[in-house]
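Below, each chain spelled out in residue letters.
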Amino acid sequence: PPAGQTDAESRQTGADPAAQSLAAMLDELGRDLDPGGVRLEKDLRGEIGRIPAAHYRQLRQICREAVTNAIKHGGADIINIFFLVGESSYDLIILDNGAGSNDISIGFGLRNMRQRIESLGGSLRIQGDSSGFGVYAAIPLQLPTGSDDS
């Protein structure tokens, strides 16, 4: 497999440049976290190359915001990012092992994540408990008509 990828990731992304780009974005995020002792684990399932490249900018920002929140508010040191591609949509799931909370206040970061996901035609669900915090996004593979990916 290419440097920095497991055999499973290599099979999932194959020679698809779009899928490799998404994996590279997550690798870059993981390298940014590594000096601070935070481990980022990723799991890409399904035909990752079907996620539109037009979504990547928003996905990068959503992942960064979720990771920042996990560290800043939850004290997490392990963060898992899953992409699961289905027939007409994909799920982005970000889980951490931080403090979690049953009393979640929607601040600037979560509001921005929701807006970014909605701009892609998706929906956001968040959940916090004693095992950590979770961000769950369901996003269609096609951008909504008239949307702007900025």
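These numbers were taken from a predicted model, which means no experiment stands behind them. (Residues numbered from 1 in each chain as written. Predicted model: local features only at pLDDT ≥ 70, side-chain atom pairs only at ≥ 80, totals over all residues. Heavy atoms only, no water.)

### Remarks on the pairing of strand S5 (residues 132-140)
Right, on to step 1. Across seven bridges, strand S3 (residues 89-96) lies against S5 in antiparallel orientation. Residue pairing for S5: Ile-93 is matched across the bridge by Tyr-136.
Right, on to step 2. Where strand S4 (residues 123-129) lies against S5, seven bridges are found, and the strand directions are antiparallel. Its bridge partner being in S5, Arg-125 is matched across the sheet by Tyr-136.
Right, on to step 3. What sits between S4 and S5 in their antiparallel hairpin is a turn of two residues. (Pairing = 2+ DSSP bridges. Helix = DSSP H or I, 4+ residues; strand = E, 2+ residues; numbered from the N terminus.)

### Quick notes on the nonpolar core
Right, on to step 1. Ranked by internal contacts, the top residues of the largest apolar core, which has 37 residues, are Ile-51, Leu-59, Ile-79, Ile-81, Phe-83, Tyr-90 and Leu-92.
Right, on to step 2. Counting only elements with at least two residues in this core, the list comes to helix H2 (17-33), strand S1 (39-45), helix H3 (56-74), strand S2 (78-85), S3, helix H4 (108-119), S4 and S5.
Right, on to step 3. Per-element tally for this core: the top contributor is H3, with seven residues.
Right, on to step 4. Once residues lying within four places of it in the same chain are set aside, the contact partners of Ile-51 are Leu-22, Tyr-56, Leu-59, Phe-83, Val-85, Tyr-90 and Leu-141. (Core = buried A, V, L, I, M, F, W, Y, C linked by side-chain atoms within 4.5 Å. Buried < 20%, exposed > 50% of the residue type's maximum accessible area, 1.4 Å probe, protein only. Contact = heavy atoms within 4.5 Å.)

### A short note on the sheet that holds S3
Right, on to step 1. Spatially, the five strands line up as an open sheet ordered S1-S2-S3-S5-S4, and their pairing is mixed. Each end of this open sheet is capped by a strand with a single partner; those strands are S1 and S4. Averaged over all pairs of adjacent strands, the angle between their axes in this sheet comes to 10°, without regard to strand direction.
Right, on to step 2. Taken strand by strand, H3 contacts S1, S2, S3 and S5, and its axis lies near 20° from that of S3. (Axes fitted to C-alpha atoms, helices over the stretch in contact; angles between N-to-C directions.)

### Topic: the environment of His-73
Right, on to step 1. Secondary-structure assignment places His-73 in helix H3.
Right, on to step 2. Its relative accessible area of 59% is what places His-73 among the exposed residues.
Right, on to step 3. Sequence spacing of His-73 and Phe-133 is 60 residues, and the spatial spacing of their C-alpha atoms is 9.9 Å.

### Structural notes on the packing of aromatic side chains
Right, on to step 1. All chains considered together, the criterion is met by one aromatic pair.
Right, on to step 2. Centre to centre, the rings of Phe-83 and Tyr-90 are 6.4 Å apart; their planes meet at 35°, and the pair counts as tilted. In terms of burial, Phe-83 and Tyr-90 fall into one category: buried. (Phe/Tyr/Trp six-rings, centres within 6.5 Å; stacked < 30°, edge-to-face > 60°.)

### Points about H3
Right, on to step 1. The terminal C-alpha atoms of H3, which comprises 19 residues, lie 26 Å apart, in line with the 27 Å expected from a rise of 1.5 Å per residue.
Right, on to step 2. Within H3, burial applies to Tyr-56, Gln-58, Leu-59, Ile-62, Cys-63, Ala-66, Val-67, Asn-69, Ala-70 and Gly-74. Projected down its long axis, H3 shows its buried positions confined to an angular sector of 165°, all on one face.
Right, on to step 3. Gly-75, located one to two residues past H3, shows a positive phi value of around 65°. (Expected span 1.5 Å × (residues − 1). Arc of directions from axis to C-beta.)

Just geometry here; none of it tells us what the structure is for.
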